[in-house]
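Inside the fold
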Amino acid sequence: RGNSTPIVWGEKIFVTQPLEEEQERALLCFDRLDGKFLWQRTVKYTAPEESHRTNPYCSESPATDGERIIAVYGSAGVFCYDLNGKELWKRDLGKISFEWGTAASPVLHQGRIYIVNDNDEQSFLAAYDARTGDEVWRVNREEGTNWATPFIWENDLRTEIVTSGSDKVRSYDLSGKLLWELSGMSTISVPTPFEHRGLLYVSSGYIGDALRPAYAIRPGASGDISLK
């Protein structure tokens, strides 16, 4: 949770920014070389939406593949622009209840956008066509609110979508099929999984929990790999 991370592509920097007094979410673009402000696109969302005082209304980082820039604003929806700020498409995700607001960022991979939306009603992982915004598939998740961005793990055996949750860490293939799952996380999941030298690393460390684990996972897992 917290402010979004700036995304750099070529000579441009993209960052999301809340304008809470006007109930707006904004995507801003700056010149990387001299910091000059280039353009801003705003989205107004007037419905009441819960958040935490340390978590602004658009703390998700944007994502880009060099052709388009994607911004996700929770209940306000998903917005796609070209790198000059022209709106290409938008998708309404509907009103979704989040205990402390949203934070999981979108991930772009080989022409698809993957979004984890862990909320207090019906959590899901969904894939969208990056060119059109059409939903390719969606799988429901038995999770409450989380804030962890998914990780695309390209290992020697296959490509996986790894999602960290407070109930379970789950890995899916690129069609949304569940590959493996792991229980034993703390009650709030924020860190994004990552890979190093062939191993996947997953952690959670909510300060209010006695259990604040870190796991290392080899490629090729299947089923329930929870530790006994």
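Residues numbered from 1 in each chain as written. Predicted model: local features only at pLDDT ≥ 70, side-chain atom pairs only at ≥ 80, totals over all residues. Heavy atoms only, no water.

Comments concerning the pairing of strand β2 (residues 12-19)
Put simply, the test is: For two strands to count as paired, DSSP must find a minimum of two bridges between them. Numbering of helices and strands starts at the N terminus; helices are DSSP runs of H or I of at least 4 residues and strands are runs of E of at least 2.
Pairing of strand β1 (residues 7-9) with β2 involves three bridges; the strand directions are antiparallel. Looking across to β2, one finds that W9 is bridged to K12. The antiparallel pairing of β1 with β2 creates a hairpin that spans two residues between the two strands, and G10 there sits at a positive phi of about 60°. Strand direction decides the pairing type here: β2 and strand β3 (residues 24-31), joined by eight bridges, are antiparallel. Across the sheet, residue P18 finds its bridge partner in β3, namely R25.

Details of the packing of aromatic side chains
In this description, an aromatic ring pair is defined by two values, namely the gap between the centres and the angle between the planes. To be explicit about the condition: Between the rings of Phe, Tyr and Trp (Trp by its six-membered ring), a pair exists once the centres lie within 6.5 Å; its type follows the angle of the planes, with under 30 degrees stacked, over 60 edge-to-face, and the other angles tilted. Residue exposure (1.4 Å probe, protein chains only): buried if accessible area is under 20% of the type maximum, exposed if over 50%, otherwise partly exposed.
Under the criterion given, the structure shown has six aromatic pairs. Each ring, one from F30 and one from F37, has its centre 5.7 Å from the other, and the planes form 65°; the classification is edge-to-face. Its relative accessible area of 42% is what places F37 among the partly exposed residues. Summarising the aromatic geometry, the rings of F194 and Y201 are spaced 5.3 Å apart at their centres and angled 20° between planes, so their arrangement reads as stacked. The class for F194 is partly exposed, based on a relative accessible area of 45%.

As for the sheet that holds strand β4 (residues 37-44)
Counted only if it meets this: Between the N-to-C directions of two axes lies an angle of 0 to 180 degrees, each axis being a line fitted to C-alpha atoms and, for a helix, fitted only over the stretch in contact.
As summarised here, the arrangement of the four strands in space is β1-β2-β3-β4, forming an open sheet in which the pairing is antiparallel. Edge strands, defined here as strands with exactly one partner in the open sheet, are β1 and β4. Adjacent strand axes in the sheet meet at a mean angle of 20° when their direction is disregarded.

Let's talk about unusual backbone geometry
For Q110, which is not a glycine, the phi torsion comes out positive at approximately 50°. Turning to its location among the elements, Q110 is positioned in the loop between β9 (107-109) and β10 (112-117). When its relative accessible area of 66% is taken as the criterion, Q110 is described as exposed. Even without being a glycine, R197 presents a positive backbone phi close to 50°. Its location among the elements puts R197 in the loop between β17 (194-196) and β18 (199-203).

Some points on the pattern of salt bridges
Worth spelling out the cut-off: A carboxyl oxygen of Asp or Glu within 4 Å of a side-chain nitrogen of Lys or Arg is what we treat as a salt bridge.
On inspection of all chains with the given rule, the structure shows nine salt bridges. A salt bridge links R68 to E67; its shortest N-O distance comes to 3.4 Å. Here the salt bridges do not stand alone but share partners, grouping D65, E67 and R68 into one network.

Some details on the state of the cysteines
Heads up, the condition is: Two cysteine sulfurs form what is called a disulfide whenever their separation falls within 2.5 Å.
In the structure shown here, the tally under the stated rule is zero disulfides. In this structure C80 is not part of a disulfide, and its nearest cysteine sulfur, from C29, lies 14 Å away. A relative accessible area of 0% means that C80 is categorised as buried.

Remarks on the environment of I225
The following threshold applies: The contact criterion used throughout is that any non-hydrogen atoms of two residues lie within 4.5 Å.
Looking at the element boundaries, I225 is found in the segment after β20 (223-224). Here the alpha-carbon distance between I225 and P191, two residues 34 residues apart in the chain, equals 20 Å. Residues in contact with I225, not counting those within four places in the same chain, are W180, E181, L182 and I217.

Some points on the environment of W100
Its place among the elements puts W100 in the loop between β8 (87-91) and β9. For W100, a relative accessible area of 24% gives the class partly exposed. Residues W100 and N146 lie 46 residues apart in sequence; the distance between their C-alpha atoms is 9.1 Å.

Remarks on the nonpolar core
Taken as a class, soluble globular proteins show a tendency for nonpolar side chains to be buried jointly. Where we set the bar: What we call a nonpolar core is a set of buried Ala, Val, Leu, Ile, Met, Phe, Trp, Tyr and Cys residues that are connected through their side-chain atoms within 4.5 Å.
The biggest cluster of nonpolar side chains holds 14 residues, and the ones touching the most others in it are F14, L27, W39, V43, I69, Y73 and Y81. When contributions to this core are tallied by element, the ones reaching two or more residues are β3, β4, β6 (68-72) and β7 (78-82). In this structure V43 touches Q23, E24, R25, Y73, A76, F79 and Y81, once residues within four positions along its chain are discounted.

Concerning the pairing of β6
With five of five residues buried, β6 lies mostly within the body of the structure. The pairing of strand β5 (residues 63-64) with β6 spans two bridges and is classified as antiparallel. Counted as the bridge partner of A63 is I70 from β6. In this structure, the hairpin formed by β5 and β6 is closed by a connection of three residues, where G66 is found at a positive phi of approximately 90°.

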